[in-house]
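# Summary of structural features
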Amino acid sequence: MLTESTLSAAEAAVQEHFKLTHTRDEDGRCQVRLPFNHLKDQLGGSYSNARKRLDRLMVSLARNPVRAEQYSEFMSEYLALGHMKEVSALIDEGYYIPHHAVFKESSSTTKTRVVFDASAKTTTGISLNDTLLVGPTVQSDLVSILFRFCTHQVALTADIPKMYRQVKLHQDDCKYQRILWYNQAGERTIYELQTVTYGVASSPHHATQALLQLAADDGEQFESAARVVSMDSYIDDFLTGGKTVEEVINIYNQLTQLLSKGGFGVHKFCSSGPEVLKLIPNDLHEKQIGFDSDVNDSIKTLGLIWNPTADFFRFFIRPSKGNSTTKRSVLSDIGRRFDPLGFLGPIITTAKLLMQDIWRLGIGWDEELPTELQLKWQNFQQQLPTINEMRKPRRVIANHPTLIELHGYSDASCQAYGAVIDIKSISSDGTTQWRLGRIEILHPGEDNIVRVVTVRTASGSEFKRAVTKIALLPVDLEGETQRGVNERLKN
């Protein structure tokens, strides 16, 4: 959590500015002011650049009528919802924001998103974003939220639609959010954006701080929802849950009521508990994403693919399609692997070790790698799709645990080092879940001593473990059931 001692002077100034200038209207919506810095008076002219950028945008859209229609629909909705309004006067004061589109076919709702470029320079070389204080991150960090998500017996996810646009901007500041677009008559027209805008430097802080302010103002009536907003929200996403179906249903009810008091909606609900979803209207359910096999029952949540029916995480990785293999392309590919919880740590480390070899050779950024390294990289890429078969259970704690233990391990070599913390929990009936497997591959070191082995489980998944971190059992698994092995362990 943020404290005054952890904030820089500029961040503390933004917090104080919000506290002194924000208000809530008759509908409960938060209204904010832009937190300008000392560069505000140095803003130059911006109309000419915004007009040129619009002309180039229209040429681009003319080549793709479908995307042009999507762009127009997005802007029409913006106007219909009151998130922008037409203004008649052409004035130099303020700022004109250029805009362009980002098309995301994988999105289950918004395929086309208009991005506003408040970093575009004016005639003085200063942009709107240059004149704004950014503000601190006020929500929990991503890893902490994901870790908590893995501890719930029943999980629940959701998000806030058009979150930024539910926070209003004071009328005196709307002149700094002017854009050019076309009215129904096809005439180029000036509009002012009326809400917090994606692409403006202060907007992430404004939107998330408004959400936390709502929890502070009205949280006493909805304690469970206030906790979720304060601890389990990341931008506009919620990853939360509880011990029972009843607790999660209560969270759903409270969350919808609390958010409505601030003018926020909530949708895309998904849960590992079918009983929870039965009580949520179908039009508020998250749409399933489809690649292949069991991913059709999955959703994307904060970049991870989660199958709520079977309640496990999985991955969908495509090998790189580039024809050349250079230091730049290898580093770029490594950086694309999103793995906040470290599930793919050993695999990504393999790629990083190859990157070490590239650096040691002093190869330029755009030089082709030597044949030996190219073959190593191609072999790595060919094996990557096997990651798509991995399944990682979301829950890390047994039902009704009476004992929870943390077991930490670390190790290092001349090439890399790593650490892991395992959670062991014993349920109220005294049982402990064991993951059993057979040693398949030995990995001797340079001194020919085996310290790491590959273990294959009954489900077919494989993982590497140090020999000091596995329990070797004199059991023949062939033809023996999991229950039989567990009985032997008890005895």
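In this report, the structure presented in the accompanying data block is examined. Starting afresh in each chain, residues are numbered from 1 along the sequence in its written order. Under the rules for a predicted model, residues below a pLDDT of 70 receive no local features and side-chain atom pairs below 80 are neither given nor counted, while totals for whole chains, interfaces and linings still include all residues. Hydrogen atoms and water are omitted, and side-chain values are computed over all heavy atoms in the structure.

## Remarks on empty space enclosed by the protein
We apply this condition: Here a cavity denotes grid points, spaced 1 Å and computed from the protein atoms alone, that fit a 1.4 Å probe unable to get out, and a pocket denotes an open set having protein on both sides within 12 Å along at least 5 of 7 lines; residues with an atom within 4 Å of a point are the lining. Grid points are joined across faces, edges and corners, and a volume is the space filled by probe spheres set on the points. Every helix listed is a DSSP run of H or I at least four residues long, and every strand listed is a run of E at least two residues long, numbered separately from the N terminus. Residues are sorted three ways: Asp, Glu, Lys and Arg are charged, Ala, Val, Leu, Ile, Met, Phe, Trp, Tyr, Cys and Pro are nonpolar, and all the rest, Gly among them, are polar.
Tallying each qualifying case throughout the model produces 2 cavities of 30 Å³ or more. When its volume is computed, the largest cavity comes out at roughly 60 Å³. Together, Ile317, Asp333, Ile334, Arg337, Leu344, Ile347, Ile348, Ala351, Trp377, Phe380, Leu384 and Ile387 line the largest cavity. Elements that contribute at least two residues to the lining of the largest cavity include exactly helix H9 (327-335), helix H10 (345-360) and helix H11 (371-383). It is H10 that provides the largest number of residues to the lining of the largest cavity, a total of 3 residues. Across the lining of the largest cavity, the residue classes tally to 10 nonpolar, no polar and 2 charged. Space inside the second largest cavity adds up to approximately 50 Å³. What lines the second largest cavity is simply Arg24, Gly28, Arg29, Cys30, Ala210, Gln213, Leu214, Asp217, Gly262 and Phe264.

## Thoughts on the packing of aromatic side chains
The criterion, for reference: Within 6.5 Å between ring centres, the rings of Phe, Tyr and Trp (the latter by its six-membered ring) count as paired, and their orientation is classed by plane angle as stacked under 30 degrees, edge-to-face over 60, tilted in between.
For the structure shown, the criterion picks out 14 aromatic pairs. Aromatic side chains phenylalanine 149 and tryptophan 306 sit 5.3 Å apart centroid to centroid with 80° between the ring planes, which places their arrangement in the edge-to-face category. Of the two residues, phenylalanine 149 sits in helix H4 (residues 142-149) while tryptophan 306 sits in strand S14 (residues 304-307), which places them 157 residues apart along the sequence. Taking 5.9 Å as the distance between ring centres and 35° as the angle between the ring planes, the aromatic pair formed by phenylalanine 313 and phenylalanine 343 counts as tilted. Pair noted here: phenylalanine 313 is in strand S15 (residues 312-314) and phenylalanine 343 is in the loop between H9 and H10, with a separation of 30 residues, a long-range link. Among the aromatic residues, those joined into a cluster by ring pairs are Phe149, Trp306, Phe313, Phe315 and Phe343.

## Comments concerning the nonpolar core
For clarity, the threshold we go by: What we call a nonpolar core is a set of buried Ala, Val, Leu, Ile, Met, Phe, Trp, Tyr and Cys residues that are connected through their side-chain atoms within 4.5 Å. A 1.4 Å probe rolled over the protein chains alone gives each residue an accessible area, and that area as a share of the maximum for its type sets the label: buried under 20%, exposed over 50%, partly exposed in between. Residues count as neighbours in contact if any of their non-hydrogen atoms are within 4.5 Å of one another.
Membership of the largest hydrophobic core comes to 72 residues, with the highest contact counts inside it found for Leu128, Val229, Phe238 and Leu259. Ranked by residue count, the leading element in this core is helix H7 (residues 245-261), at 8 residues. Residues contacting valine 229, with those up to four places away along its chain left out, are Leu211, Leu212, Ala215, Phe238, Leu255, Leu258 and Leu259.

## Topic: the side chain of arginine 337
As for its position among the elements, arginine 337 is in the loop between H9 and H10. Those residues in contact with arginine 337 that sit more than four places away from it in its chain are Ile317, Arg318, Ser320, Ile348, Gln381 and Leu384.

## Notes on the packing of helix H1 (residues 9-21) against helix H5 (residues 203-218)
Where we set the bar: Each axis is a line fitted through C-alpha atoms, and for a helix only the stretch in contact is used; angles between axes span 0 to 180 degrees, taken between their N-to-C directions. Should an angle fall under 35 degrees it is taken as roughly parallel, and over 145 as roughly antiparallel, whereas 65 to 115 is taken as roughly perpendicular and any remaining angle as oblique. For any helix crossing, the convention is left-handed if the near helix is rotated counterclockwise from the far helix by under a right angle, and right-handed if that rotation is clockwise.
Direction vectors running N to C along H1 and H5 enclose 55°, while the axes themselves pass 12 Å from each other. Looking at the two axes, H1 sits oblique to H5. As H1 runs across H5, the sense of the crossing is right-handed. Of the residues in H5, those touching H1 at Val14, Gln15 and Phe18 are His205, His206, Gln209, Ala210 and Gln213. For the contact of H1 with H5, the per-class residue count stands at 3 nonpolar, 5 polar and no charged.

## Some remarks on a nonpolar patch on the surface
Inclusion rule: The patches reported here contain residues having more than 30% relative accessible area and no salt bridge. Joining distances are 9 Å for like charges and 5 Å for nonpolar side chains (Val, Leu, Ile, Met, Phe, Trp, Tyr). The Shrake-Rupley method, run with a 1.4 Å probe, gives the accessible areas here. Residue values count only the displayed protein chains as cover. By salt bridge we mean one thing: a side-chain nitrogen of Lys or Arg within 4 Å of a carboxyl oxygen of Asp or Glu.
There is a patch of nonpolar side chains on the surface, built from Val396, Ile404, Leu406, Ile421 and Ile423 and spanning about 460 Å² of accessible area. Sorting the residues of the nonpolar patch by element identifies strand S17 (401-412) and strand S18 (417-427) as the ones contributing at least two each. Following the sequence through the fold, leucine 406 ends up in strand S17.

## Things to note about the environment of isoleucine 235
Structurally, isoleucine 235 is set in the loop between strand S10 (233-234) and strand S11 (237-242). Its relative accessible area of 32% is what places isoleucine 235 among the partly exposed residues. Put simply, isoleucine 235 and tyrosine 164 are 71 residues apart on the chain and 9.4 Å apart in space, counted from C-alpha to C-alpha.

## Things to note about the packing of H5 against helix H6 (residues 223-231)
At their nearest, the axes of H5 and H6 sit 9 Å apart, and the two run at 155° to each other. By the angle class used here, H5 and H6 are roughly antiparallel. Of the two possible hands of crossing, H5 and H6 adopt the one that is left-handed. Side by side, H5 and H6 meet where Leu211, Leu212 and Ala215 of the first sit next to Ala226, Val229 and Ser230 of the second. Of the residues in the contact of H5 with H6, the class split is 5 nonpolar, 1 polar and no charged.

## Topic: the pattern of salt bridges
Taken as a whole, this structure holds 19 salt bridges when the rule is applied. Residue lysine 175 is joined to glutamate 93 by a salt bridge in which the shortest nitrogen-to-oxygen separation is 2.6 Å. Here lysine 175 is found in the loop between strand S7 (168-169) and strand S8 (178-182), whereas its partner glutamate 93 is found in the loop between strand S3 (84-87) and strand S4 (99-103), with 82 residues between them in sequence. By relative accessible area, which is 22% here, lysine 175 ends up partly exposed. Note that arginine 328 and aspartate 366 form a salt bridge whose closest N and O atoms lie 2.8 Å from each other. Of this pair, arginine 328 sits in helix H9 while aspartate 366 sits in the loop between H10 and H11, and the two are 38 residues apart along the sequence. Judged by relative accessible area, aspartate 366 falls into the exposed class, the value being 55%. If you follow the salt bridges from partner to partner, you end up with Arg24, Asp217 and Asp218 in one network.

The values reported here are purely geometric and, on their own, carry no functional implication.
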